[in-house]
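One letter stands for each residue in the lines below.
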Amino acid sequence: MSPLSPMVLGAAALVTSPAIYDTVVEQSLPLDQALIRYLVAVAICWALLSVLTEFALKPPPAARAAGADDAETAVLDIAAPAEKPAS
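Note that this is a predicted model, so its numbers are computed, not measured.

Cut-offs and rules
Residues numbered from 1 in each chain as written. Predicted model: local features only at pLDDT ≥ 70, side-chain atom pairs only at ≥ 80, totals over all residues. Heavy atoms only, no water. Core = buried A, V, L, I, M, F, W, Y, C linked by side-chain atoms within 4.5 Å. Buried < 20%, exposed > 50% of the residue type's maximum accessible area, 1.4 Å probe, protein only. Helix = DSSP H or I, 4+ residues; strand = E, 2+ residues; numbered from the N terminus. Contact = heavy atoms within 4.5 Å. Axes fitted to C-alpha atoms, helices over the stretch in contact; angles between N-to-C directions. Parallel < 35°, antiparallel > 145°, perpendicular 65-115°, else oblique. Nonpolar A, V, L, I, M, F, W, Y, C, P; charged D, E, K, R; others polar.

> Looking at this structure, how should I read the nonpolar core?
Across soluble globular proteins, nonpolar side chains show a tendency to be buried alongside one another. Residues Val 8, Ala 12, Tyr 38, Ala 41, Val 42, Cys 45 and Leu 49 constitute the largest nonpolar core, which totals seven residues. Those elements that place two or more of their residues in this core are helix H1 (6-15) and helix H3 (31-56). Looking at this core element by element, the count peaks at five residues for H3. Each residue touching Tyr 38, except ones within four places of it in the same chain, is listed here: Leu 9, Ala 12, Ala 13 and Thr 16.

Structural data, given as structure tokens:
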């Protein structure tokens, strides 16, 4: 997952929304502090979402080796000749 993906940037904005609100609306937090908080949140959200997608959205190695029926794990063996139907 890219650190600049919309999901990472949106999650970081959601996490730092109180700081963004204080900076933009109430003007009680300096802009540089809000940006530092946002950049730290981007790094943390990127790491957490990368781990989450790696473990939660990938099929287990046994399913990949067995050749599951979905397109992500489908493998074509072009070195072996195709089986001919019995007629």
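Structure shown, so let's carry the discussion forward.
> Help me out: how do you make sense of the packing of H1 against helix H2 (residues 17-26) in this one?
Axes are the key here: two packed helices are described by the angle between their axes and the distance separating the axes. Interhelical geometry of H1 versus H2 gives an angle of 70° and a closest axis separation of 4 Å. With respect to H2, the element H1 is oriented roughly perpendicular. Here Ala 13, Leu 14 and Val 15 of H1 come into contact with H2, specifically with Ser 17, Pro 18 and Ile 20. Each residue belonging to the contact of H1 with H2 can be placed in one class, and the counts come to five nonpolar, one polar and no charged.

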